[in-house]
Amino acid sequence: MTFTTRFAPSPTGPLHLGHAYSAMLAHDMAVANGGRFLLRIEDIDQSRARPEWEAQIYEDLHWLGLSWPQPVMRQSERLPRYRAALDQLTAMGLTYPCCCNRADIEAAAGAPQEGVPQFGPDGRIYPGTCRSRLPSESTGRDVIRLNMEKAVRAADLRSFSETGPEFQGTHALDPDELISAVGDIILVRRNMGSSYHLSVVADDADQGITHAVRGADLFEATQIHVLLQSLLGLPSPIYHHHRLIRDENGKRLAKRDDARAIAKYRAEGATPQDIREMVGLPPSSG
Ligand code: GLU
């Protein structure tokens, strides 16, 4: 299989130094291994995605010296694919519709208890209020959740390989941790037709990604992705979670950090080599 990496930005704001690092690292790794670097636009959240941000992404990445094959995969064009993956999980009896809003979930979760995690990689751990509802009872205004207890029983739980410096090694999925520290994740969000987790596993498989290069903040979510891959019969890439680029106060950069937007550095006369130096990447040979 061809060594294949990807960069998967959401077009909801300007690319900053952290994105540049992630994209250039994935590109460098593909080049060093005689492989392919692919781009994917993660725009399932149509309430936040903007065409002008997507255009800016292409412009910034070209300016950084990156290239990728066409056509670019866009999540907004793949809703039938995500639906098929959901239907597969529903046919296995693993999904249910949930009508709880944030306030309902907080009220049902009750007071925090010592030693019981409240938040996991999919946000607040769901207390299970709607767990006995049937898929056929979905109103269209519901989110769809994965019944984690049933899912870990149905899956042939895999390990995944990690090559990033912080987490290097083989990581086995732990069923108890998935149940208690991750919980019933959302597979389909309201008005989106999918969720990040469901889309990313379908997309990585369909793009033939062999090495998923992304920020260390997504390491904890990887157990969700590998679980879904086992359930859906999809291959698991090797993961490479890289360090996060932080500001001078040690805070990780966010979309609203316009001060560190690539476009701003460009406007101020920086070169792509300057950007590589700023994020600690060796000079590009190309
Ligand atoms: N779209 C995600 C982000 O912008 C990246 C997801 C991934 O690389 O798996 O943070």
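Note that the structure is a prediction, hence the values are computed from the model and not measured.

A. Just the overall build of the chain, in detail. Looking only at helices and strands, one finds ten helices and twelve strands in the chain. A compact globule built from 286 residues would reach a C-alpha radius of gyration of about 19 Å, and the chain, at 20 Å, matches this within 12%. Each principal axis of the C-alpha atoms in the chain carries an extent, and together these give about 60 × 40 × 40 Å. Relative to its 286 residues, the chain shows a buried fraction of 49%. With 31 positive and 36 negative side-chain charges, the chain shows a separation of 3 Å between the mean positions of the two kinds.

B. Region of the structure containing the site of the ligand. With respect to spatial proximity, the complete set of residues near the ligand consists of Arg-6, Ala-8, Ser-10, Glu-42, Tyr-196, Val-200, Arg-214 and Leu-218. A distance of 3.4 Å separates a nitrogen atom of the ligand from a polar side-chain atom of Ser-10. Within the side chain of Tyr-196, an N or O atom sits 2.8 Å from an oxygen atom of the ligand. Across the complex, the protein chains shield 77% of the 300 Å² of accessible surface that the ligand would expose by itself. Classifying every residue of the shell around the ligand by side-chain character gives four nonpolar, one polar and three charged.

C. The side chain of Asp-43, seen in detail. Along the polypeptide, Asp-43 turns up in the loop between β2 (36-41) and α2 (51-63). Separated by 3.2 Å, the side chain of Asp-43 and the backbone nitrogen of Gln-75 make a polar contact. In this structure, Asp-43 is in contact with Pro-11, Ala-49, Glu-54, Arg-74, Gln-75 and Ser-76, ignoring residues within four places of it in sequence.

D. Main features of the packing of aromatic side chains. Tallied over the entire structure, the rule returns five aromatic pairs. Plain terms: the ring middles of Tyr-96 and Tyr-126 are 6.4 Å apart, the flat faces sit at 35° to each other, and that makes the pair tilted. Placement of Tyr-96 in strand β4 (residues 95-98) and of Tyr-126 in the loop between β6 (123-124) and β7 (143-146) is noted, with a sequence separation of 30 residues between them. A residue is classified by how much of its surface remains accessible, and Tyr-126, at 4% relative accessible area, is buried. Aromatic pair Phe-160 and Phe-219: ring centres 6.1 Å apart, planes at 55°, arrangement tilted. Of this pair, Phe-160 sits in strand β8 (residues 159-162) while Phe-219 sits in the loop between β11 (211-215) and α8 (222-232), placing them 59 residues apart in sequence. According to the relative accessible area criterion, Phe-160 is buried, its value standing at 6%. Of the residues examined, Phe-219 reaches a relative accessible area of 11% and is grouped as buried.

E. Representation of the pairing of strand β12 (residues 238-242) within the structure. Of all five residues in β12, four are buried, a share of seventy percent or more. As judged from the five bridges shared by β11 and β12, these two strands associate in the parallel manner. In the strand pairing of β12, His-211 is matched with Ile-238. Between β11 and its parallel partner β12, the chain crosses via α8, and the hand of that crossover is right-handed.

F. Expanded view of the sheet that holds strand β3 (residues 73-74). In spatial order, the strands read β1-β2-β3; together these three strands make up an open sheet with parallel pairing. In this open sheet, the two strands that pair with only one neighbour each are β1 (4-7) and β3. Examined bridge by bridge, β1 and β2 share four bridges and lie parallel to one another. From the neighbouring strand, Thr-5 faces β2, where its bridge partner is Phe-37.

G. Geometry of the side chain of Arg-78. Along the chain, the position of Arg-78 falls in the loop between β3 and α3 (79-91). Within polar-contact distance, the side chain of Arg-78 engages the side chain of Asp-203 at 2.9 Å. Apart from residues no more than four positions distant in its own chain, Arg-78 is found in contact with Met-73, Ala-202, Asp-203 and Asp-206.

H. Broad picture of the sheet that holds strand β10 (residues 186-188). Read across the sheet, three strands follow the order β4-β7-β10 without closing on themselves; strand pairing throughout is antiparallel. Two strands in the sheet have a free side with no partner beyond their single neighbour: β4 and β10. When the angles between neighbouring strand axes are averaged without regard to direction, this sheet yields 45°. Alignment of β4 against β7, held across four bridges, turns out to be antiparallel. Opposite Cys-98, over in β7, you have Val-143 as the bridge partner.

I. Expanded view of helix α7 (residues 196-206). Burial within α7 is extensive, with nine of its eleven residues counted as buried. Taken as a whole, α7 has its buried residues at His-197, Leu-198, Ser-199, Val-200, Val-201, Ala-202, Asp-203, Asp-204 and Ala-205. After α7 finishes, the residue Gly-208 shows a positive phi value of roughly 65°.

About the cut-offs
- Residues numbered from 1 in each chain as written.
- Predicted model: local features only at pLDDT ≥ 70, side-chain atom pairs only at ≥ 80, totals over all residues.
- Heavy atoms only, no water.
- Helix = DSSP H or I, 4+ residues; strand = E, 2+ residues; numbered from the N terminus.
- Rg over C-alpha atoms; globule rule 2.2 N^0.38 Å.
- Buried < 20%, exposed > 50% of the residue type's maximum accessible area, 1.4 Å probe, protein only.
- Lys, Arg positive; Asp, Glu negative; His and termini not counted.
- Charge placed at Lys NZ, Arg CZ, Asp CG, Glu CD.
- Near = heavy atom within 4 Å.
- Polar contact = N/O pair within 3.5 Å; in protein donor to acceptor, adjacent residues only side chain to side chain.
- Areas by Shrake-Rupley, 256 points an atom, 1.4 Å probe, with all protein chains shown as cover.
- Nonpolar A, V, L, I, M, F, W, Y, C, P; charged D, E, K, R; others polar.
- Contact = heavy atoms within 4.5 Å.
- Phe/Tyr/Trp six-rings, centres within 6.5 Å; stacked < 30°, edge-to-face > 60°.
- Pairing = 2+ DSSP bridges.
- Right-handed = clockwise from strand over helix to strand, strands pointing away.
- Axes fitted to C-alpha atoms, helices over the stretch in contact; angles between N-to-C directions.

Function cannot be inferred from these measures alone, as they are strictly geometric.
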